[in-house]
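Summary of the model geometry
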Amino acid sequence: MLIRVAILLALFAGVGFSQAPKDPAPAELVSPASAPTEAIQPGAIEPGEPAISEIDSGISIDPASLLPDLPAVPRKNATLVGGTLEKLDRVRDRITLRVFGGGRTTALIDPRTRVFRGTKEVTIADLREGQRIYLDTILDGSTVFAKNIRLDATAALGESRGVIVKYQVNQGELTIRDGIAPFPITVRFSSSTQFEQGDRMVPASSLVPGSLVDVTFTSEGNGHDTAQKISILAVPGTGYVFSGQVVHIDLRTGLLVLNSSTDHKTYEIYLDPSLPPDDNLQPGSTVTAVTNFQDSR
C-alpha cells in the first residue's frame, strides 16, 4: 500500500517537472492583410460617436429658416396715410410716399407688412412706383413702420387729375402733369373716349395745353393707358365760381382747398395775395369763391 502511494506521487511529480518550457520561436513579420482577425472581447475599446455628423449633400437648407423670428407687430393705433408711391427701396426695405396735399413720408417695411388689393392679400412685388396707395402706419420708437399697404381693388382702372402739358391730336395722345405724381402721365384716347365739360359733352378739340382735366383710364398691360373719359375742369383765362366747404387753408402759401357742394370734388384755389386776410376763413367754413384759371392753377 505504501509502495503504491509512493509510485503515484512519483508520477504526479513527473508530470509537473519532466517537460521544460521550450524557447519561443523568433517573431516573424506578418502583413496586416494576412493577420488573423481577433474577436473583440467584452470591455474592449469601441469606436465613439463622430465629432461632426455627416450631412446628406442632397438636402438643401433655406437660409431664411436659420434667422430668428421677427417680433410681433406692436399693438398700437395705426395712422392712415394716403399718397403716391414715389420710391420703393427693396435694399433698405423702405418706401417713400408723396402724401396727398403735399409733403413726403418714409416708412419701413419687412415681412410683417401686409399688402392688400381690396380684400385680397397680395405681396410687395405688386407695388409699382406711381401708384396711389394707403398706408396703415405705426410709430415704433422713432421709426415709422408700414403695418398694412392698401392698393385700389380695381388695379386696371386709374384716375389722374392734372394740367395738360402736351396734346397730340394726330397721335391720339395726351400728357398731363399730375400734382401728386412724380412724373408726367401719358394716356391715349380713341373714338370711344368721352369728353365732357361741366354737364355737357364736348369734342376732343376742346382740349388745349394748360387746361386742368380729370382723366379716367384703363391699363392695357403693355405699358399703354387708354382714356375712358376726360373731364375738362378749367381752361386758361376762364372764370369759375366754386361753392362748398373749406377743407384746408394755408395763409402762408395762400392755398385754400375746397370741397365743392356741386360735384363733391376737391379743388385747390390760390388766394389773391393783394386781398387782406380774413380771420373768419377757417376749415369748416362754407364759402363761395369767384376764381380765374391762370398759370395752370
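Quantities reported herein were computed from a predicted structural model and do not represent experimental measurements.

Calculation notes
Residues numbered from 1 in each chain as written. Predicted model: local features only at pLDDT ≥ 70, side-chain atom pairs only at ≥ 80, totals over all residues. Heavy atoms only, no water. Phe/Tyr/Trp six-rings, centres within 6.5 Å; stacked < 30°, edge-to-face > 60°. Buried < 20%, exposed > 50% of the residue type's maximum accessible area, 1.4 Å probe, protein only. Lys NZ or Arg CZ within 6 Å of the ring centre and 35° of its normal. Helix = DSSP H or I, 4+ residues; strand = E, 2+ residues; numbered from the N terminus. Pairing = 2+ DSSP bridges. Patch = residues over 30% accessible without salt bridge, like charges linked within 9 Å, V, L, I, M, F, W, Y side chains within 5 Å. Areas by Shrake-Rupley, 256 points an atom, 1.4 Å probe, with all protein chains shown as cover. Salt bridge = Lys/Arg side-chain N within 4 Å of Asp/Glu carboxyl O. Contact = heavy atoms within 4.5 Å. Polar contact = N/O pair within 3.5 Å; in protein donor to acceptor, adjacent residues only side chain to side chain. pLDDT = per-residue confidence, 0-100. Axes fitted to C-alpha atoms, helices over the stretch in contact; angles between N-to-C directions.

Attention now moves to the packing of aromatic side chains. Counted under the stated rule, the structure contains 4 aromatic pairs. Each ring, one from Tyr-240 and one from Phe-242, has its centre 6.4 Å from the other, and the planes form 35 degrees; the classification is tilted. Since its relative accessible area comes to 18%, Tyr-240 is described here as buried. In textbook terms, an aromatic cluster arises when at least three aromatic residues are bridged by ring pairs, as seen for Tyr-167, Phe-189 and Phe-195. Between Arg-112 and the ring centre of Phe-145, over which it is positioned, the NZ or CZ distance is 5.0 Å.

Judged by how many residues are buried, strand S16 (residues 255-260) sits mostly within the fold: 5 of 6 residues are covered. Between strand S15 (residues 239-250) and S16, which pair antiparallel one after the other, the connecting turn spans 4 residues, and Gly-254 there sits at a positive phi close to 70 degrees. Both S16 and strand S17 (residues 266-270) contribute to a ladder of 5 bridges, which runs antiparallel. The residue bridging Leu-255 from the neighbouring strand is Tyr-270, located in S17.

It is worth spelling out a nonpolar patch on the surface at this point. Together, Leu-80, Phe-100 and Tyr-134 line one region of the surface with nonpolar side chains, adding up to about 290 Å² of accessible area. Inspection of the secondary structure assignment puts Phe-100 in the loop between strand S2 (94-99) and strand S3 (104-108).

With respect to the element layout, Arg-104 can be found in strand S3. A relative accessible area of 56% places Arg-104 in the exposed class. Along the chain, Arg-104 and Gly-83 lie 21 residues apart, while their C-alpha atoms are 8.8 Å from each other. With residues up to four places along the chain from it excluded, the contact list for Arg-104 reads Glu-86, Thr-96, Leu-97, Arg-98 and Val-99. A distance of 2.7 Å separates the side chain of Arg-104 from the side chain of Glu-86, its partner in a polar contact.

Where a strand is regular, its side chains alternate between the two sheet faces. Pairing geometry for S15 and strand S18 (residues 286-292), over 7 bridges, is antiparallel. Bridging from a neighbouring strand, Phe-242 pairs with Ala-289 of S18. Bridge count between S15 and S16: 6 bridges; the pairing is antiparallel. Paired with Gly-244 across the two strands is Ser-260, which belongs to S16.

A positive phi angle is found at Asp-93, which is not glycine, with a value near 55 degrees. Mapped onto the elements, Asp-93 comes out in the loop between strand S1 (79-89) and S2.

Of all residues in the chain, 67% have pLDDT values of 70 or greater, and the mean over the chain is 74. Scored below 50 in pLDDT, residues 15-20 makes 1 contact in the model with residues more than four places away or belonging to other chains.

The next point concerns the sheet that holds S18. Paired through their backbone hydrogen bonds, the strands of a sheet run either parallel or antiparallel. On the basis of which strands lie adjacent, the open sheet formed by 4 strands has the order S17-S16-S15-S18 and antiparallel pairing. Edge strands, defined here as strands with exactly one partner in the open sheet, are S17 and S18. Each strand axis lies, on average, 50 degrees off the axis of its neighbour in the sheet, ignoring direction.

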